[in-house]
Amino acid sequence: MGKNDWSGFFLVLDGIDGCGKSTQAKKLCNYFKSNDIQTLLTAEPSDYDIGKMLRKYLQNSEIPASVDALLFAADRIEHCNKEILPLLNKGSIIISDRYRDSSYIYQSIEGKNEGVSIDWIKNINKFSLIPDLTIIIDIDPKIGLKRKRKQAINSQNQSLDKFEIDEFQNLIREEFIKIVKNSVVSDEGIHILIDGNGSEEEVFNKIMQVIKSYLKNNFKLK
Ligand code: TYD
């Protein structure tokens with residue numbers, strides 16, 4: 001897809017399961033809205049049909065990684081075309097809870113024995129947009145999984161997905177760190193790693209500091 005010539009701002013929060021990105025994404029959305037900025041909080045897998053199918057597939061460890069990768073790429077194209085791009089062109093801030101980096105990392109690790117490489121995943125994702133800024137929240141996978149298990153107990157219809165096991169999350173974390181180190185400014189947009197240890201408020205303040213230095217001048221924060 002074309003260059004980032006929209007008037008809006010496309011922000012992604014990503015990281016291992018239970019890193020706190022969903023909580024921070026909600027806080028950011030409320031903060032921008034309180035500054036009278038049109039903001040959309042969205043997530044992947046999306047709420048469109050392919051996204052819904054993916055949520056079911058994520059419970060099934062027999063689905064090949066190649067199928068997951070193709071479906072995530074297709075879901076992303078639909079998500080961009082139907083929701084993200086029209087709003088970016090109208091000048092909104094989009095906050096996406098997970099995006100392309102999750103595909104590069106989760107599907108390349110789950111698909112290592114199937115020959116699913118990051119290069120191939122990048123290729124099938126070339127039809128979706130490059131974010132303006134991606135923030136990766138880094139925490140110890142043990143803490144992340146503890147949060148996820150607690151959430152699963154508290155909510156009746158939420159079970160852990162096939163990736164929410166210790167060894168897998170350790171590998172995922174290493175890959176997220178590598179993505180940030182290798183591509184602070186790259187063909188995948190700007191990536192910044194934030195330490196997710198600390199209170200919700202502390203992590204939020206760290207994220208806001210980063211966002212303020214990258215947000216376009218047309219957005220005025222009080
Ligand atoms: P997650 O953000 O954990 O959603 P929730 O907290 O609502 O369960 O995302 C669901 C899972 O989807 C997560 O384990 C990572 C996985 N995923 C991929 O494997 N590839 C992708 O491209 C995306 C977007 C997510």
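For the structure itself, consult the block above.
Quick summary incoming for the structure in this document. Small disclaimer: the values here were computed from a predicted structure and weren't measured. (Residues numbered from 1 in each chain as written. Predicted model: local features only at pLDDT ≥ 70, side-chain atom pairs only at ≥ 80, totals over all residues. Heavy atoms only, no water.)

**Quick word on the site of the ligand**
Lining the immediate environment of the ligand, one finds 15 residues, of which Asp-17, Arg-98, Ser-103, Gln-107 and Lys-148 sit closest. Between an oxygen atom of the ligand and a side-chain N or O atom of Lys-21, the distance comes to 2.9 Å. Within the side chain of Lys-148, one N or O atom sits 2.6 Å away from an oxygen atom of the ligand. Surface burial for the ligand is 89%, taken as the share of its 550 Å² of free accessible area covered by protein chains. Elements with a contribution of two residues or more to the shell around the ligand: helix H3 (65-89) and helix H4 (100-110). The leading source of residues in the shell around the ligand is H4, at four residues. When its residues are assigned to classes, the shell around the ligand shows four nonpolar, three polar and eight charged. (Near = heavy atom within 4 Å. Polar contact = N/O pair within 3.5 Å; in protein donor to acceptor, adjacent residues only side chain to side chain. Areas by Shrake-Rupley, 256 points an atom, 1.4 Å probe, with all protein chains shown as cover. Helix = DSSP H or I, 4+ residues; strand = E, 2+ residues; numbered from the N terminus. Nonpolar A, V, L, I, M, F, W, Y, C, P; charged D, E, K, R; others polar.)

**Some thoughts on the pairing of strand E4 (residues 133-138)**
Of all six residues that make up E4, six are buried, and the element is covered over most of its length. Where burial is concerned, the two faces of E4 agree: the one with Leu-133, Ile-135 and Ile-137 and the one with Thr-134, Ile-136 and Asp-138 are both buried. Where strand E1 (residues 9-15) meets E4, five bridges bridge the pair, whose relative direction is parallel. Bridging across to E4, Val-12 finds its partner in Thr-134. Note: E4 against strand E6 (residues 189-195), six bridges, orientation parallel. Across the sheet, Ile-135 pairs through a bridge with Ile-192, a residue of E6. (Buried < 20%, exposed > 50% of the residue type's maximum accessible area, 1.4 Å probe, protein only. Pairing = 2+ DSSP bridges.)

**Overview of the pattern of salt bridges**
Within this structure, the stated rule accounts for 15 salt bridges. A salt bridge links Asp-138 to Arg-173; the nearest nitrogen and oxygen atoms lie 2.8 Å apart. Placement of Asp-138 in strand E4 and of Arg-173 in helix H7 (residues 166-182) is noted, with a sequence separation of 35 residues between them. You can call Asp-138 buried: its relative accessible area is 14%. Assessed through its relative accessible area of 25%, Arg-173 is described here as partly exposed. Each of Asp-14, Asp-17 and Arg-98 takes part in a single network of salt bridges with overlapping partners. (Salt bridge = Lys/Arg side-chain N within 4 Å of Asp/Glu carboxyl O.)

**Concerning the nonpolar core**
Membership of the largest hydrophobic core comes to 45 residues, with the highest contact counts inside it found for Leu-28, Leu-133, Ile-135 and Ile-211. Per-element accounting of this core gives the leading share, six residues, to helix H8 (residues 200-214). With residues up to four places along the chain from it excluded, the contact list for Ile-135 reads Leu-11, Val-12, Leu-13, Asp-14, Ile-192, Ile-194, Ile-207, Val-210 and Ile-211. Residues Trp-6, Val-12, Leu-88 and Tyr-99 belong to the second largest nonpolar core, which totals ten residues. (Core = buried A, V, L, I, M, F, W, Y, C linked by side-chain atoms within 4.5 Å. Contact = heavy atoms within 4.5 Å.)

**So, the side chain of Arg-98**
Here Arg-98 is to be found in the loop between strand E3 (93-97) and H4. Residue classification places Arg-98 among the buried residues on the basis of a relative accessible area of 12%. For Arg-98, the contacting residues outside a window of four places in its chain are Val-12, Leu-13, Asp-14, Gly-15, Ile-16, Asp-17, Lys-21, Glu-44 and Tyr-106.

**Points about helix H1 (residues 21-34)**
Because the α-helix completes a turn every 3.6 residues, residues three or four places apart line up on one side. The first and last C-alpha atoms of H1 sit 20 Å apart over 14 residues, in line with the 20 Å expected at 1.5 Å per residue. Contacts made by the buried residues of H1 are with E1, strand E2 (39-43), E3, E4 and H8. Asp-36 sits one or two positions beyond H1 and adopts a positive phi of about 60°. (Expected span 1.5 Å × (residues − 1).)

No statement about biological role is implied by the geometric values presented.
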